[in-house]
Amino acid sequence: MVKSMTGFAAQTGDIATETGIYACQWDLRSVNGRGLDLRFRVPDWLDGLEAALRKRLGNRLNRGNVSLTLKLTRSDSGASMRVNAAALDAAVALVIAAETQAERQGLRLAPITAADLLAIKGVVDSGPEQVDPAPLVAALVERAGPLIDAFEAARAAEGAALAAILGGQVAAISDLTEQARAAVEARRPDQVSGLKAALARLTEAAPTLEPGRLEQELALIAVKTDVTEELDRLAAHVDAAKALLASDQPVGRKLDFLMQEFNREANTLCSKAQSAELTRIGLDLKTVIDQMREQVQNVE
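Worth saying up front: this structure is predicted, and the values here are computed from it rather than measured.

1. A word on the overall build of the chain
Okay, so step 1: On a plain count of helices and strands, the chain comes out with eight helices and six strands.
Okay, so step 2: Written out in order from the N terminus, the α and β elements of the chain read β-β-β-α-β-β-α-α-β-α-α-α-α-α.
Okay, so step 3: Total accessible area on the chain stands at roughly 17200 Å², and carbon and sulfur atoms take up 54% of it.

Put into structure tokens, the structure is as follows:
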């Protein structure tokens, strides 16, 4: 099953623990990436939560830039605000130092109020009073399971749509490869005439040319216009692409490599075309391959 690296899932709900009721808002999304890059925005006071979520996602995903955000608020009346004594002492010390320095320079600062002190970051703690966050962390990790399931389902659904597009493009490449074989047969009379003309030119230019050397030159001309190997390799790449699309393993990297091989053969086909029809087919192949490569960038 082809999976996309692009996906999204969201979840909201409440979690009740011995220390209170918490409202959770989850957001899990991803875009394409060369490898697996996991980024988290979760409350930092929940020790162990990020590590546990990283392990669960790492076991389920292979590629993509993935970001998970959790907003957690205490929704029951047990939430409280507390003064951080150490932070308050530090703030007061800073205020005294500032006033002392100002007096030395003949300046008088406006009076500092309690509200001013409480507004300083860190002086007031509004987080939950929870000595041991482990029960809440365990509950959140369990709650993350359905979120990850929904996220993977979204990636699978988009992957199915991608597979349909890629399958059509592989079929187009296969059809163009067969058209190229027919065009090679159609150009054969012109190719024979071209070889005869080349032979005449060689004989005229070097009437004393050794027969062995003459055969080498003709063979070189024939090799430069023979596209049999390129067409055979294109057909083999088509079979490989079909097998990858039918695989139940992550195939994004393998498909990306295969696109390079497709492009290489199409370029060589164009350079050896020696006919307008074969050149047209080669350019059509390059167009389809470029379109397919863009889609492959989203495959896990």
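Moving on, there is more to tell.
2. Considerations on the sheet that holds strand β1 (residues 7–17)
Okay, so step 1: Taken together, the four strands give an open sheet; going across it, the order is β1-β2-β4-β3, and neighbouring strands pair in mixed fashion. The sheet terminates laterally at β1 and β3 (36–41), the two strands that pair on one side only. Going across the sheet, the axis of each strand differs from the next one's by a mean of 15°, ignoring polarity.
Okay, so step 2: For β3 and strand β4 (residues 64–74), the ladder comprises six bridges, and the chain directions are parallel. Bridging across to β4, R39 finds its partner in S67.
Okay, so step 3: Across the sheet, helix α1 (residues 49–60) lies against β2 (20–31), β3 and β4, angled at about 150° from β3, the strand it touches most.

3. Considering the nonpolar core
Okay, so step 1: Ranked by size, the top nonpolar core spans 32 residues in total, and within it I173, L255, F262 and L278 carry the most contacts.
Okay, so step 2: At the level of elements, α4 (134–205), α6 (228–245), α7 (252–271) and α8 (276–296) are the ones that each hand at least two residues to this core.
Okay, so step 3: The element that contributes the greatest number of residues to this core is α4, accounting for eight residues.
Okay, so step 4: For L255, the contacting residues outside a window of four places in its chain are L166, L244, L245, V296 and V299.
Okay, so step 5: Formed by 26 residues, the second largest nonpolar core is a distinct cluster that contains I15, C24, V66 and L136.

4. Comments concerning the confidence of the model for the chain
As a general rule, the predicted coordinates of low-pLDDT regions are not to be interpreted in detail.
Okay, so step 1: Averaged over the chain, the pLDDT score is 87; the fraction of residues at 70 or greater is 85%.
Okay, so step 2: The element-level mean pLDDT for the chain is lowest in helix α5 (residues 211–225), coming to 59, with β3 highest at 97.

5. With respect to the pairing of β4
Every other side chain in a regular strand lies on the same face of the sheet, so the side chains alternate between the two faces.
Okay, so step 1: For β2 and β4, the ladder comprises ten bridges, and the chain directions are antiparallel. Note that in β4 the partner of W26 across the bridge is L70.
Okay, so step 2: The parallel pair β3 and β4 is bridged by α1, and the resulting crossover is left-handed.

6. A few points about α1
Okay, so step 1: A rise of 1.5 Å per residue sets the reference length of α1, with its twelve residues, at 16 Å; its end C-alpha atoms lie 17 Å apart and thus fit the reference within 8%.
Okay, so step 2: Within the span of α1, buried status applies to L49, L53 and L57. The buried residues of α1 occupy an angular sector of 50° when projected down its axis, which confines them to one face. Residues of α1 that are exposed and angled more than 90 degrees away from the buried face: A51, K55 and N59.

7. So, the packing of α7 against α8
Okay, so step 1: One can describe the packing of α7 onto α8 by two numbers: an axis separation of 9 Å at closest approach and a directional angle of 165°. Relative to α8, the element α7 lies roughly antiparallel. Like other packed secondary-structure pairs, α7 and α8 cross with a definite hand, here left-handed. In contact with G252, L255, D256, M259, Q260, F262, N263, A266, N267, L269 and C270 of α7, α8 contributes L278, T279, G282, L283, L285, K286, I289, D290, M292, R293 and V296.
Okay, so step 2: For the contact of α7 with α8, the per-class residue count stands at twelve nonpolar, six polar and four charged.

Calculation rules
Residues numbered from 1 in each chain as written. Predicted model: local features only at pLDDT ≥ 70, side-chain atom pairs only at ≥ 80, totals over all residues. Heavy atoms only, no water. Helix = DSSP H or I, 4+ residues; strand = E, 2+ residues; numbered from the N terminus. Areas by Shrake-Rupley, 256 points an atom, 1.4 Å probe, with all protein chains shown as cover. Pairing = 2+ DSSP bridges. Axes fitted to C-alpha atoms, helices over the stretch in contact; angles between N-to-C directions. Contact = heavy atoms within 4.5 Å. Core = buried A, V, L, I, M, F, W, Y, C linked by side-chain atoms within 4.5 Å. Buried < 20%, exposed > 50% of the residue type's maximum accessible area, 1.4 Å probe, protein only. pLDDT = per-residue confidence, 0-100. Right-handed = clockwise from strand over helix to strand, strands pointing away. Expected span 1.5 Å × (residues − 1). Arc of directions from axis to C-beta. Parallel < 35°, antiparallel > 145°, perpendicular 65-115°, else oblique. Left-handed = near helix turned anticlockwise from the far one by under 90°. Nonpolar A, V, L, I, M, F, W, Y, C, P; charged D, E, K, R; others polar.

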